[in-house]
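# Examination of the molecular architecture
Residue-level listing of the chains:
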Amino acid sequence: MRVFLASIPLEAAKIVIVGAGEPALAKLRLFLNTPAEVAWFAPDGAPDRIETPLTAPTPLLRAPEAEDLAGARLVFIALGDLDQARRIGVLARAAGAQVNVVDQPALSDFQTPALIDRDEVVVGVATGGSAPILARDIRTAIEGVLPAGLAHVARLARELRDTVKASTPDFMARRRFWEKAFRGPAATLAAEGRTAEARREMLRLLNLAAPEQGVVHIVGAGPGDPELLTLKALRVLQDADVIIHDRLVPEAVLERARRDAKRLYVGKARGDHSVPQDQIEALMIAEARAGHRVVRLKGGDPFVFGRGGEELEAMRAAGVPVFVVPGVTAALACAASAGIPLTHRDHAQAVTFVTAQAKPGGVEADWSRLAGPNHTLAIYMGTDRAEETAARLMAAGRSGATPAAVVENGGRPDERVLTGRLNELGAMVRGANLTGPALLFVGETAAFSATQAHLSEAAA
Ligand SMILES: C[S@@+](CC[C@H](N)C(=O)[O-])C[C@H]1O[C@@H](n2cnc3c(N)ncnc32)[C@H](O)[C@@H]1O
């Protein structure tokens, strides 16, 4: 180890920043909204008003004197004039402070690590000043796997520390308790800000007779491009013990999951229900009750024609802690890569996500109410009934000349975009020999895809 990272409590610590340029402002931003007392000096001129954070203290337009530095813990100096920086450094050290002259390791007592700030939890990456950009990249990689609400978890742990110590005096047993608590639903609930439930769960866990309890995340995998997973989806995938996934989730997405996670395929092709819905739900419950972190991974968004609502209800009824992580739904992904704006100030004041398939005996979409102009329709599961849907829309008054598009495998390397008119939608679908999932667009905005066709071709 060539450098040592120590942590300094900021409660009532005096921090002095000297300078008015971007490097000084970057240091200032670090300490605003912390319990530190911040003093700001700008001997080299007033800072730019637009760049200055609203909550910044008013800078004094002079160099700090010895009495300004009295009691300072850290002094950051970001001045072009290195002689002046040296002089201020001497005064600061005489006052007992540690000094950092920005970008001047030889004049500094310490370097600032690349920091991940989660309030109570702070992660620092240091390279001793030799490769700050590398440190920043490492920080970005770590940032993605840490829940935003980590501070809530740490706060709850602090609140319960004495209770846990009293009920579990043995050190090793206590360690096992915390390991379980931080990996289990209590930590997940706390990170989501559901503090009361998290507290209950931690206390339940303290009663060692309590059975193991897992957690279920119903996760939207997006359209199939792993880069369209949300940070949260990626994090829970990498943490999952069991992944229960659908047909629409390709290998490229599954590859981002923890290597040793158990994978269960419950995909359904229409008319070929490989695993019935109630069995999928029973499987999710059984895996969670076995103490596993379960990810139910679904194509697109779980709540858009994804039966995520039914699964959420089933988990709640079973008393299994459950969370929903949204995903990029097919309409958004297809629209983006085909260059079809879903709304447009001149051409579409509304967009409707609609399915052309109803459950057997269920209610069908009312196409007559969706036939108005200046309205984009994104039709899911529409290929089998494209001709019939187009006929219904035209019968209800939508012009046969309305632009239409078919996007197959949207957002994936093998994406295809076909464009035409509403009155030829059936023929377009028939002639396309579709093999992947496809979405239909109807509306004035679908015409925009023609101007963008080269983009999707380039992507393929
Ligand atoms: C059961 S729905 C699931 C929708 C999913 N929950 C979502 O939010 O995208 C399946 C339909 O979504 C559409 N779909 C899903 N992924 C697609 C993709 N990558 N490209 C085009 N359409 C897609 C197709 O219309 C497909 O028949």
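Before any of the text, the structure's been laid out above.
No experiment lies behind these values; they were computed from the predicted model shown.

## Here we look at a nonpolar patch on the surface
- The grouping of Phe305, Leu332, Val351, Phe353 and Met381 at the surface amounts to a nonpolar patch, some 380 Å² of accessible area in total.
- Assignment of secondary structure puts Leu332 in helix 13 (residues 330-338).

## Structural notes on the pattern of salt bridges
- A full pass over the atoms with the stated rule returns 31 salt bridges.
- With its nearest N and O atoms 2.8 Å apart, the salt bridge here joins Glu192 to Lys232. Residue Glu192 is located in the loop between helix 7 (185-191) and helix 8 (195-206), and its partner Lys232 is located in helix 9 (residues 231-239); the two are separated by 40 residues in the primary sequence.
- Given a relative accessible area of 32%, Glu192 falls into the partly exposed group.
- The exposure class of Lys232 is partly exposed, given its relative accessible area of 33%.
- Across the pair Glu287 and Lys262 runs a salt bridge whose closest N-O atoms are separated by 3.0 Å. Taken together, the positions of Glu287 in helix 11 (residues 277-289) and Lys262 in strand 9 (residues 262-265) put the pair 25 residues apart, joining distant regions of the chain.
- By relative accessible area, which is 9% here, Glu287 ends up buried.
- In the salt-bridge network here, residues are joined through shared partners; they are Arg183, Asp239, Asp241, Arg258, Asp260 and Arg293.

## Concerning the site of the ligand
- Around the ligand, a shell composed of 19 residues is seen, among which Asp301, Val304, Thr329, Gly410 and Ala438 lie nearest.
- The separation between a nitrogen atom of the ligand and a polar main-chain atom of Gly299 is 3.0 Å.
- Protein coverage of the free-state accessible area of the ligand, which is 560 Å², stands at 88%.
- Every element with two or more residues in the shell around the ligand is listed here: helix 13 and strand 16 (438-442).
- When the residues that make up the shell around the ligand are grouped by side-chain class, the tally is twelve nonpolar, five polar and two charged.

The rules we used
- Residues numbered from 1 in each chain as written.
- Predicted model: local features only at pLDDT ≥ 70, side-chain atom pairs only at ≥ 80, totals over all residues.
- Heavy atoms only, no water.
- Patch = residues over 30% accessible without salt bridge, like charges linked within 9 Å, V, L, I, M, F, W, Y side chains within 5 Å.
- Areas by Shrake-Rupley, 256 points an atom, 1.4 Å probe, with all protein chains shown as cover.
- Salt bridge = Lys/Arg side-chain N within 4 Å of Asp/Glu carboxyl O.
- Helix = DSSP H or I, 4+ residues; strand = E, 2+ residues; numbered from the N terminus.
- Buried < 20%, exposed > 50% of the residue type's maximum accessible area, 1.4 Å probe, protein only.
- Near = heavy atom within 4 Å.
- Polar contact = N/O pair within 3.5 Å; in protein donor to acceptor, adjacent residues only side chain to side chain.
- Nonpolar A, V, L, I, M, F, W, Y, C, P; charged D, E, K, R; others polar.

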